[in-house]
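Summary of the model geometry
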Amino acid sequence: MIDVQNQEDKRKIKIQQTGVTGVYLPLFISDAGKVQQVLAKIRFTVSLSDKIRGTHMSRLMEILQENISAPLSISELKKNLLQAIEKLETDFSAIKLEFKFFVKKFSPVSKKESLLDIDAKICGELFKNSKLNLKLNLSVPFTSLCPCSKEISDFGAHNQRSVCRVKLNFADAEKLSDFGIEKIVRLIESQGSSEIYPLLKREDEKFVTEAAYKNPKFVEDILRDVVIVLRGVENLSAFEVECENFESIHSHNAFASHKEKF
């Protein structure tokens, strides 16, 4: 049969990324020695020579399908990218995985177990004969309580659900043994006024409410505290942080952001 994709293209434009997107597959994510099954939305791409009309997208799907049973660690991610470079005879490949990652939580008093869902995104890029470039994006929820409201009110203080969105770039991804998603989540959620728990009994609700009241923080306070803990994370080359409080007594939200490059 005629290989239409492999026909010569005379427009002389190298395409930086072409491939498949909107792919949903069940994957096993290996995170600090623990394996968790997730449903991932995937974009898998390669670069395309200026001499070739189209890429063989079925080969990308073959790579994905052949590797869904093995836990996805950083080394496995690189293996998939290398396979794409080799099978499609190109010099660059990239993969983006978006999924819900679940962190086990225990309510503070009753010790009831539940799972907190975290929006996660892993982006891997690989140039031929180069090191893996890895990015990890997370959205972590928690509770914040307004210091000003507490200070000026005779009783009570307004609080709200908040979220911290981080984008982490790693200096040398291949020195990492695993993704470390849960570790980063724990670091970030502890910077709010209180953690969020999917399951709370009455005694837990009392504990969380009082804990937040004792630990009031502006959105700027939370942002600065997250920046400090991220500075202590080994092997980061850059990070971006956004904190947003979904205000309970305003029609707008409170927002702060910061980025650093080492």
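So, here's what we can say about the structure. Not measured: the values here are computed from a predicted model.

Attention now moves to the overall build of the protein. The number of helices and strands found in the protein is 6 helices and 8 strands. Ordering the α and β elements of the protein from the N terminus gives β-β-α-α-β-β-β-α-β-α-α-α-β-β. Once the C-alpha set of the protein is aligned to its principal axes, its extents read approximately 80 × 35 × 35 Å. Out of the 262 residues belonging to the protein, those deemed buried represent 45%. The contacts of the protein with a sequence gap of at least 6 include a subset with a gap of at least 24, amounting to 66%. As presented, the protein carries roughly 14,500 Å² of accessible surface, and 50% of it is formed by carbon and sulfur atoms. Measuring between centres, the 39 positive side-chain charges of the protein sit 2 Å from its 37 negative side-chain charges.

Here the focus is helix H6 (residues 219-231). Taking 1.5 Å of rise per residue, the 13 residues of H6 would be expected to cover 18 Å, and the 19 Å separating its terminal C-alpha atoms lies within 8% of that figure. Three or more residues of H6 are buried, namely Val219, Ile222, Leu223, Val226, Val227, Val229 and Leu230. The buried side chains of H6 occupy one side of the element, clustering within an arc of 170° when seen end-on. Those residues of H6 that are exposed and aimed more than 90 degrees away from the buried face are Arg224, Ile228 and Arg231. Taken together, the buried residues of H6 touch strand E5 (133-145), strand E6 (159-170), helix H4 (181-189), strand E7 (236-245) and strand E8 (254-261).

Inspection of the secondary structure assignment puts Asn137 in strand E5. The class of Asn137 is buried, set by a relative accessible area of 16%. When sequence neighbours within four positions are dropped, the list of residues in contact with Asn137 reads Asp119, Ala120, Lys121, Val166, Lys167 and Leu168.

Reading the values: the criteria
Residues numbered from 1 in each chain as written. Predicted model: local features only at pLDDT ≥ 70, side-chain atom pairs only at ≥ 80, totals over all residues. Heavy atoms only, no water. Helix = DSSP H or I, 4+ residues; strand = E, 2+ residues; numbered from the N terminus. Buried < 20%, exposed > 50% of the residue type's maximum accessible area, 1.4 Å probe, protein only. Contact = heavy atoms within 4.5 Å. Areas by Shrake-Rupley, 256 points an atom, 1.4 Å probe, with all protein chains shown as cover. Lys, Arg positive; Asp, Glu negative; His and termini not counted. Charge placed at Lys NZ, Arg CZ, Asp CG, Glu CD. Expected span 1.5 Å × (residues − 1). Arc of directions from axis to C-beta.

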